[in-house]
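# Tertiary structure, described
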Amino acid sequence: MTSSPEESTDSLILHSTDNAVSWITLNRPQAMNAVTWDQREKLIALLAAASADPEVRAVVITATGKGFCAGADLRGTPTDGRERIPGDVARTIRLGAQRLIGAVLDCEKPVIAAVNGTAAGIGAHLAFACDLVLAAEEAKFIEVFVRRGLVPDGGGAYLLARLVGPQRAKELMFFGDSLPAAEAERIGLVNRVLPAQELAKTAREWALRLAAGPTRAIALTKQLVNASLDADRTAAFAAEAAAQEINMTTRDANEGVASFVERRTPQYRGL
């Protein structure tokens, strides 16, 4: 299903900033929030903007309706009408799904996924790329690619192998079975499973805690964790030392140390 001409990207991706939290909401409930080309580009732009905006200190990605994201809706993808040639598919994946997942992983602010319903294909990977994942009890995750005879994209093999190990990742991707939220929590794909009515409330509470924290320290911690599984011990230790060096130049680090010495609650400003 493609978006109709009267549906603007602004209506299909809702965005607001509240108490230093950037709320990004997929809003195509009639299509189970399958992501169009325009929506993808808007998501990438909003994540980049969150990184650059000192007034934003945490991000929440969620959705309206019964689905979190049913995957990619490629029928709205711009085309020049020419016959496909070798290299086109790889380029499309590289500039499309991989850019979206990379935008989440590279966002300099912590990103929470509040998964309200079905997350399938790239929609599941969008959730798994987030730093923290909250899921409603009704939510489920589906590696749908094998059902269509496709190889997983959007960093699926990269993300799943690191989150649950290669054997479990292969099971999910080879069979494409629906994974209930409770099972996703049990194997480590989800941080918390909540009644649907508590999802937004808990996402807000977690986001506000993150927004009140030392933003640069959290960003550097995110970078260290994300890079750790791709690095040997020497590289990981060097990155850790460099991150500490950088962080100790921030106001928040100095505030944290001073508040400890003075036995008071730190007041972090994200700087």
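We now examine the overall build of the protein chain. Per the secondary structure count, the protein chain includes 12 helices and 10 strands. Scaling as 2.2 N^0.38, a compact globule of 271 residues should have a C-alpha radius of gyration of about 18 Å, and the protein chain matches this with 19 Å. In terms of principal-axis extent, the alpha carbons of the protein chain reach across some 65 × 45 × 40 Å. Within the protein chain, the fraction of its 271 residues that count as buried is 42%. Of the contacts formed within the protein chain by residues at least 6 apart in sequence, a portion of 69% connects residues at least 24 apart. Measuring between centres, the 30 positive side-chain charges of the protein chain sit 2 Å from its 32 negative side-chain charges.

Spatial ordering of the open sheet is given by 1-2-3-5-7-10, a layout of six strands whose pairing is mixed. Both outer strands of the open sheet, strand 1 (13-18) and strand 10 (192-194), are each paired with one neighbouring strand and no more. Here the average twist between neighbouring strands, direction ignored, is 20 degrees. Across four bridges, the pairing between strand 5 (residues 111-115) and strand 7 (residues 132-136) is parallel. Note that in strand 7 the partner of valine 115 across the bridge is alanine 135.

What follows deals with the sheet that holds strand 9 (residues 178-180). Sheet strands line up and pair through hydrogen bonds in the backbone, either parallel or antiparallel. With mixed pairing, four strands are arranged side by side in an open sheet as 4-6-8-9. Bordering the open sheet on either side are strand 4 (67-69) and strand 9, each of which pairs with just one other strand. For this sheet, the mean angle separating the axes of adjacent strands, direction not counted, is 20 degrees. Sheet topology note: the strand 8 (residues 140-142)/strand 9 ladder contains three bridges and is antiparallel. Note that in strand 9 the partner of phenylalanine 141 across the bridge is leucine 179. Set on the sheet, helix 5 (residues 122-129) makes contact with strand 4, strand 6 (118-120) and strand 8; between it and strand 6 the angle comes to about 100 degrees.

Our next topic: the pattern of salt bridges. One pass over the structure, following the stated rule, counts 14 salt bridges. For the salt bridge of glutamate 262 with arginine 264, the shortest nitrogen-to-oxygen distance reads 2.6 Å. When its relative accessible area of 34% is taken as the criterion, arginine 264 is described as partly exposed. Among the ionic contacts, a cluster of salt bridges with common partners joins Arg40, Glu41 and Arg99.

Think of an α-helix as 3.6 residues a turn; residues three or four steps apart then line up on the same face. Buried residues of helix 7 (residues 166-175): Ala169, Leu172 and Met173, and no others. Burial along helix 7 is one-sided: seen end-on, the buried residues are contained in an arc of 90 degrees. Along helix 7, the residues that are exposed and aim more than 90 degrees away from the buried face are Gln167, Phe174 and Phe175. Buried residues in helix 7 make contact with helix 5, helix 6 (156-164) and strand 9.

What follows covers unusual backbone geometry. One non-glycine residue with positive phi stands out, namely alanine 20, at about 70 degrees. As for its position among the elements, alanine 20 is in the loop between strand 1 and strand 2 (21-26). If you check the backbone angles, asparagine 33 has positive phi at about 60 degrees while not being a glycine. Considering the arrangement of structural elements, one finds asparagine 33 in the loop between strand 2 and helix 2 (37-52). With a relative accessible area of 0%, asparagine 33 lands in the buried category.

Rules used throughout
- Residues numbered from 1 in each chain as written.
- Predicted model: local features only at pLDDT ≥ 70, side-chain atom pairs only at ≥ 80, totals over all residues.
- Heavy atoms only, no water.
- Helix = DSSP H or I, 4+ residues; strand = E, 2+ residues; numbered from the N terminus.
- Rg over C-alpha atoms; globule rule 2.2 N^0.38 Å.
- Buried < 20%, exposed > 50% of the residue type's maximum accessible area, 1.4 Å probe, protein only.
- Contact = heavy atoms within 4.5 Å.
- Lys, Arg positive; Asp, Glu negative; His and termini not counted.
- Charge placed at Lys NZ, Arg CZ, Asp CG, Glu CD.
- Pairing = 2+ DSSP bridges.
- Axes fitted to C-alpha atoms, helices over the stretch in contact; angles between N-to-C directions.
- Salt bridge = Lys/Arg side-chain N within 4 Å of Asp/Glu carboxyl O.
- Arc of directions from axis to C-beta.

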